[in-house]
Amino acid sequence: MKLTQLPTNETDNYGNTEKDALYFETVIIGTGFSGLLAAIGLKKKNCSDFVLLERGSDIGGTWQDNAYPGAEVDIPTGLYSISFIPYKFKKRYAPQSELLEYTNYIVDKFGIRKYTKTNQEVTKLTYNEAEYLWHVEVKTGENYTARFIVDTSGVLANPKVPYITGHESFQGAKFHTAQWDHTVPYEGKRVGVIGSGCSAAQVIPAIADKVDKLTVFMGTAEWILPRLDRNYSSIERFIMTLPGVHHINRFLIFIYYESRFPAFRRYPFTSGIIKFVKKLYAKNLKKNLEKYIDDDKLRQHMMPDYELGCRRVIPNTSYLPALSRENVDVDISGIENITPTGILTKDDKNIPLDIIVYATGFFAYSNVKKMLSFQVNGIGGRNLNSEWETEAVSYKGITVSGYPNYFKINGPNTGTGHSSQLSYMETMVNYTIKAICTVNRDKTIKAIDVKSDVQSQYVTKMKKTMKFTVWQIGGTKSFYKKGMTGEVTSLSPESVIHFIFSRKWFRLRDYNLLK
């Protein structure tokens, strides 16, 4: 790892003063799975002049932040793991603590910790055209320069806390699930959970038997599906990590989830299958609602009236039983305002609370101002933040015209609504590493910038394909969409197989070569 300091107070071509700026060939922003994959990929190619900048106090990304009770993955760990790094998971659906252990296992196995700087919250990236370098500014005052930027700052990194009148007046504890305050005991307390999505469905059963009273302020109905979860024996854990067994197990899980894709894509020949699958799941959900929910009005509210899949499906078998507990109430009237001592509902119920938990998810790409966690300035003073407010576009969800040598992992339209995001992450990082290595091999190339017409053709194709997916036409508000109701900006309209093969090869001809 090379630490090259610019002379103190040296002024760049933009008139900025760089004090003790550190140069690295590559700056990786974020230490979640994407960041770790990028570091591993660079090391394997003997490109070890890089640094990982983590805004938190420790490595881990999503699974460092989301440490709320009950937090766990909703895809089997056989697939929600890095393909070439098997691990002896104890459970089919790993909890947050085990996923964080897995993260640290990867960090130690590949010696990544020494390349990492924590408490480094990036505030601005600026491309210097004369130097062919990116200038990186950090909140604490540090400065970095780099030839390449691999931006792996997470899509699920900015918690969404809706403004509710009276929020500031509440005298008890209040926090988002992704910012869970572990210094606040909830045992024996009166707790209110706002939200009914994935995090709510996990935290509610985890705390319901420990609190005195739990009130769930439920919003939109969700598709809640059964899942088969279990603990692995020590023998199974060993066998599952064996090379042949590991890959076969992963392949079978992959095929199962990939086979669901036609249910989310509107192919002419799949309409019958779609209706059958929806009817099957609707029948199962209705049966479980009748089993656990006594109130007829609540049962009707919890039955989705929109297409299966246009909001994230919740695979959970403990959520509905938790709602049926005597100490759990569900409010569907809506919140009028927050008071100093609790919440006033729209039907004039004053509910006293000691703790308010916002299980309200993340902005992802639904809020255009939250797409990026920092300012990104490209060629000619262009600003990616303002451009994406108008239209979130990129090439293959990774590179953006006008921003040379900038690689955005998990960019627009690269999320999955049916499989494991890690499959997408590996694909995008592999493409990025190939791009960096291609540029490094040709010493005459200073930087690459995707051609605007190539990007436009790609964006047009994605938009056309997206029009035939349930995510765009399924009929509900979702964080998948820009502004919750517009174009789908988070998810890819491609199957995982197509996503992988369409990014398997890096084509230099798609890029302008800056020399």
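In what follows, the accompanying structure is described. By convention here, each chain's residues receive numbers from 1 onward along its written sequence. Totals for whole chains, interfaces and linings use every residue, but because this is a predicted model, local features are given only for residues with pLDDT of at least 70 and side-chain atom pairs only at 80 or more, for both listing and counting. Calculated side-chain values reflect all of the structure's heavy atoms, with hydrogen atoms and water omitted.

What about unusual backbone geometry?
Reasoning step 1: Its identity is not glycine, yet asparagine 119 carries a phi of approximately 55°, on the positive side.
Reasoning step 2: The way it works is that DSSP assigns letters per residue, a run of H or I at least four long becomes a helix, a run of E at least two long becomes a strand, and they are numbered from the N terminus. Position of asparagine 119 among the secondary structure elements: in the loop between strand 6 (116-117) and strand 7 (122-128).
Reasoning step 3: Burial classification: accessible surface area is computed with a 1.4 Å probe over protein chains only, and a residue below 20% of its type maximum counts as buried, one above 50% as exposed, and the rest as partly exposed. Of the residues examined, asparagine 119 reaches a relative accessible area of 42% and is grouped as partly exposed.

As for the packing of helix 1 (residues 33-44) against helix 3 (residues 96-109)
Axes are the key here: two packed helices are described by the angle between their axes and the distance separating the axes.
Reasoning step 1: Here the axes come from fitting lines to C-alpha atoms, over the contacting stretch only for helices, and the angles between their N-to-C directions go from 0 to 180 degrees. Contact geometry for helix 1 and helix 3: axes closest at 11 Å, N-to-C directions at 15°. The angle between helix 1 and helix 3 places the two elements in the roughly parallel class. Note on packing geometry: the crossing formed by helix 1 with helix 3 is left-handed. Contact residues: helix 1 offers Phe33, Leu36 and Ile40, while helix 3 offers Leu99, Tyr102, Thr103, Ile106 and Val107.
Reasoning step 2: A per-class count over the contact of helix 1 with helix 3 returns 7 nonpolar, 1 polar and no charged. Reported orientations rely on four angle classes, namely roughly parallel under 35 degrees, roughly antiparallel over 145, roughly perpendicular from 65 to 115, and oblique for the rest. A crossing counts as left-handed when the near helix is turned anticlockwise from the far one by less than a right angle, and as right-handed when that turn is clockwise. In this description, contact between two residues means that some pair of their heavy atoms is separated by no more than 4.5 Å. Here the term charged refers only to Asp, Glu, Lys and Arg, the term nonpolar to Ala, Val, Leu, Ile, Met, Phe, Trp, Tyr, Cys and Pro, and the term polar to all other amino acids, Gly among them.

Re the sheet that holds strand 15 (residues 328-331)
Reasoning step 1: One open sheet accounts for 5 strands, arranged 10-19-11-12-15; its pairing is parallel. Unpaired on one side and paired on the other, strand 10 (173-176) and strand 15 mark the two borders of the sheet. For this sheet, the mean inter-axis angle between neighbouring strands, taken without regard to orientation, is 15°.
Reasoning step 2: Note that strand 11 (residues 190-194) and strand 12 (residues 213-217) share 5 bridges and pair parallel. When DSSP finds at least two bridges between two strands, those strands are taken to pair.

Some points on the packing of helix 1 against helix 11 (residues 421-441)
Reasoning step 1: Look at helix 1 against helix 11: their axes get within 9 Å of each other, and the N-to-C directions meet at 35°. By crossing handedness, the relation of helix 1 to helix 11 is classed as right-handed. Contact residues: Phe33, Ser34, Leu37, Ala38, Gly41 and Leu42 in helix 1; Leu422, Met425, Glu426, Val429, Ile433 and Ile436 in helix 11.
Reasoning step 2: Its residues placed into classes, the contact of helix 1 with helix 11 shows 9 nonpolar, 2 polar and 1 charged.

Focus: the pairing of strand 19 (residues 355-358)
Reasoning step 1: Burial along strand 19 is two-sided: Ile355 and Val357 and Ile356 and Tyr358, pointing in opposite directions, are all buried.
Reasoning step 2: Pairing geometry for strand 10 and strand 19, over 4 bridges, is parallel. Across the sheet, the residue bridging to phenylalanine 175 is valine 357, located in strand 19.
Reasoning step 3: Note that strand 11 and strand 19 share 4 bridges and pair parallel. Across the sheet, valine 191 pairs through a bridge with isoleucine 355, a residue of strand 19.

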